[in-house]
Amino acid sequence: MRQDTRVKLEIAGVGHAYGDLRTLDSLTLAGEAHEVIGLVGPSGCGKSTLLELICGLQEPTEGAIAIDGGSVAEARLERCALMPQRDLLLPWYSAIDNAALALRNRGMKRAEARAEAAELFDRFGLAGFEAARPAELSGGMRQRVAFLRTLIAGKPVLALDEPFASLDAITRAEMQEWLAAALRTAPRTTILVTHDVEEALYLCDRVAVMSARPGHIVAELSAPHPRAEDRDGAVTDPKFVSAREKALRTLRQTLRGS
Amino acid sequence: MHDKGTTKWDGAWKWVLPALFLLTLVGLWQVAASAGLLADLFGLEDFLVPSPAEIGEALWENRSLLAENAWVTLREILLGFACALVAGVAFAIAMHLSGFVLRSTYPLVIASQTIPIVAIAPILVIWFGFGIVPKVLVVALVCFFPITVATLNGLSSVDPEANKMMRTLYASRWQIFRRLSAPTSLPYLFTGIKISIVFAPIGALFGEWVGASSGLGHQILQDNAQLQTARLFAAVAILSAIGLILFGLVALIERRVVTWR
């Protein structure tokens, strides 16, 4: 059931339009196996559309997206799991049943699926919350369950769409550390869309800056300390600070140019 | 602690206030009727304006007759409602799954609501006779619309983002329906059921008025003709109680089923 997670992602000359509205234009980006790539850019530049294209939920109007060589939408859908902006936990299921959704969808018996999810709950600091309903969980906890739900699908590529946008600053920093640890334990080729440059530079190996609509990549910056165990140390490091300044400057130029 | 106490107190008042108001109304009615004030006011004989106590007496004296007729009407209500529930949910699912079915039938479903059921009831009697069938059909027709529209609304209210997420989690169309769309639509379905269960007794009443030899509607007509006003009121009270109890039952089931609200 589990797929080999060491897969490459290739996005070549992708264009996309909703009717007359062009959302993406000649977008090219490549991701190595287990690389975490951040996508930052102005609002409405097509970041979420790009994630949907990567996941095989839509086909690009031009160009091609391939995961491990497979470029048709079905092949991408098979290899990519999406974590949407809102946690979208189903309120009628317990936390563990939410996390185990992909296993149940693949026909696994409930008890088995729960047992497999329970292991991850233990590993990722959610032990004791298995039976809780989503409404009983805090925002951070809900995002953790939502991430595990994405991870449990066992797919080699993760598409994370602003996973922490709705959280307060402190919970957000905690969740970044948590996700960094999770990705160290269970590395995946990951695309992380975020508005937060600092979050992108801390969690990702590389950060791609997108232009305003129709979106394309205007700059790629490598992060100095991706997913470092000591988050506070990493983000105050001069190299990190200067990378952040550079990223912000690029973003500002992009905004001015639009 | 304090908050909890306040909530409990509020909960109690929720019932106490309307109960007190109802008791006051019934009390005033009792005084006005037994003193002959109401009869004088309407210029009627005393027995045509019964007091609550007289209605209670009629209820007790005619209990077996009323119970017999109530059972007939209740059966019509439950059968008609069950038919509407099955047909309404099935039809809503068909409209949800097929754009063709939705586009070709939904406007007709809406338009059908402009046809007064009262006008159709006599035709149903001509077609299906004086038995239980036309009554069940009238009840079903009354209940069908709220159930269908509510279920369809519920199915359409599924978050498209959740739908996409489910697709990336290996969900088939059936699994998306079972694990996402159906539970999402459940609270809507219950709203439809609650609306229709209140109207169902009225449907049964219409069905019986057009042609019946038993049932509360039939008895109300007879009591009206025989000027048995106290018994007539008793039948009305029973019909209303049936509606209330069914509504309460549905609310209870909803609380058991829709546990996430």
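As a reminder, the structure under discussion sits directly above these lines.
A brief report on the enclosed structure follows. (Residues numbered from 1 in each chain as written. Chains lettered and ligands numbered in written order. Predicted model: local features only at pLDDT ≥ 70, side-chain atom pairs only at ≥ 80, totals over all residues.)

1. Notes on the interface of chain B and chain A
Where the parts come together, the accessible area they lose is often given as the size of the interface. Where we set the bar: By the criterion used throughout, residues are in contact when their C-beta atoms, derived from the backbone, lie within 7 Å. Strands are runs of DSSP state E lasting at least two residues, helices are runs of H or I lasting at least four, and both sets are numbered from the N terminus onward. Throughout, the ten residues Ala, Val, Leu, Ile, Met, Phe, Trp, Tyr, Cys and Pro are labelled nonpolar, Asp, Glu, Lys and Arg are labelled charged, and all others, Gly among them, are labelled polar.
Contact residues are listed per partner, giving 14 residues for chain B and 20 residues for chain A. For the side of chain B that touches chain A, the elements supplying multiple residues, two or more each, are α8 (160-168) and α9 (173-210) of chain B. Residue contributions to the side of chain B that touches chain A peak at 6 residues, all from α8 of chain B. A breakdown of the residues in the side of chain B that touches chain A according to their chemical character gives 8 nonpolar, 2 polar and 4 charged.

2. Points about unusual backbone geometry
For clarity, the cut-off: As a rule, residues whose C-beta atom has 12 or fewer other C-beta atoms within 10 Å are exposed, those with 20 or more are buried, and those in between are partly exposed; C-beta atoms are placed from the backbone.
Looking along the chain, the bond that leaves R213 of chain A and enters P214 of chain A is cis, with omega of -5 degrees. Residue placement: P214 of chain A occurs in the loop between β8 (206-210) and β9 (217-222). A positive phi angle is found at H34 of chain A, which is not glycine, with a value near 65 degrees. Looking at where H34 of chain A falls in the secondary structure, it is placed in the loop between β2 (21-31) and β3 (36-40). Taking the number of C-beta atoms within 10 Å as the measure of exposure, H34 of chain A has 17 and is therefore partly exposed. In this structure, Y170 of chain B is a non-glycine residue whose phi angle is positive, near 70 degrees. Looking at the secondary structure, you find Y170 of chain B in the loop between α8 and α9.

3. Quick look at the nonpolar core
General note: in soluble globular proteins, nonpolar side chains tend to be found buried as a group. Heads up, the rule is: Nonpolar core, as used here: buried Ala, Val, Leu, Ile, Met, Phe, Trp, Tyr and Cys residues forming one set through C-beta atoms within 7 Å.
One finds I152, A159 and V207 of chain A to be the most contacted residues of the largest nonpolar core, which totals 83 residues. Among the elements that take part in this core, helix α6 (residues 139-152) of chain A stands out by supplying 7 residues, more than any other. Not counting the four nearest positions on each side in its chain, I152 of chain A is found in contact with A99, A100, A102, L103, A117 and L120 of chain A. One finds I55, V89, A150 and F206 of chain B within the second-largest nonpolar core, a separate group that totals 50 residues.

4. Digging into the pairing of strand β6 (residues 157-161) of chain A
Residue and element names in this part refer to chain A. Counted only if it meets this: Strand pairing is assigned whenever DSSP identifies at least 2 bridges connecting the two strands.
Among the 5 residues that make up β6, 5 are buried, leaving the element largely enclosed by the rest of the structure. Of the two faces of β6, the one holding V157, A159 and D161 and the one holding L158 and L160 are both buried throughout. Here 4 bridges tie strand β5 (residues 80-83) to β6, and the two strands are oriented parallel to one another. In the strand pairing of β6, C80 is matched with V157. For β6 and strand β7 (residues 189-193), the ladder comprises 5 bridges, and the chain directions are parallel. The residue of β7 that forms the bridge with D161 is V193.

5. Focus: the packing of helix α7 (residues 132-156) of chain B against α9 of chain B
All names here are of chain B. Cut-off, in case you're wondering: Under this scheme, a helix contributes an axis fitted over its contacting stretch, all axes are lines through C-alpha atoms, and angles between N-to-C directions fall in the 0 to 180 degree range. When describing relative orientation, an angle under 35 degrees is termed roughly parallel and one over 145 degrees roughly antiparallel, while 65 to 115 degrees is termed roughly perpendicular and anything else oblique. Handedness of a crossing is defined here by the sense of rotation of the near helix relative to the far one, left-handed for an anticlockwise turn of less than a right angle and right-handed for a clockwise turn.
In the contact formed by α7 and α9, the axes pass within 7 Å of each other and the chain directions differ by 160 degrees. For the element pair α7 / α9, the angle class is roughly antiparallel. As α7 packs across α9, the resulting crossing turns out to be right-handed.

6. Brief notes about the sheet that holds β7 of chain A
Residues and elements named next belong to chain A. Strand order in the open sheet formed by 6 strands is β5-β6-β7-β3-β8-β9, and the pairing between neighbours is mixed. Here the strands that pair on one side only, and so sit at the sheet edges, are β5 and β9. When the angles between neighbouring strand axes are averaged without regard to direction, this sheet yields 20 degrees. Relative to β8, β3 is paired through 4 bridges, and the arrangement is parallel. From the neighbouring strand, V40 faces β8, where its bridge partner is V209.

7. With respect to α7 of chain B
Each α-helix turn comprises 3.6 residues. Residues three or four places apart therefore point the same way. All names here are of chain B. Under the convention used in this document: Every helix has an expected span of 1.5 Å times one less than the residues it contains. For a residue, the bend is simply the angle between two axes, fitted respectively to the seven-residue segment ending there and the seven-residue segment starting there.
For α7, spanning 25 residues, the distance from its first C-alpha to its last is 36 Å, which sits close to the expected 36 Å at 1.5 Å a residue. Taking the largest bend as the criterion, α7 deviates by roughly 30 degrees, centred on F144, and proline P146 comes between one and four positions later. Across the 25 residues of α7, 21 count as buried, placing the element largely inside the fold.

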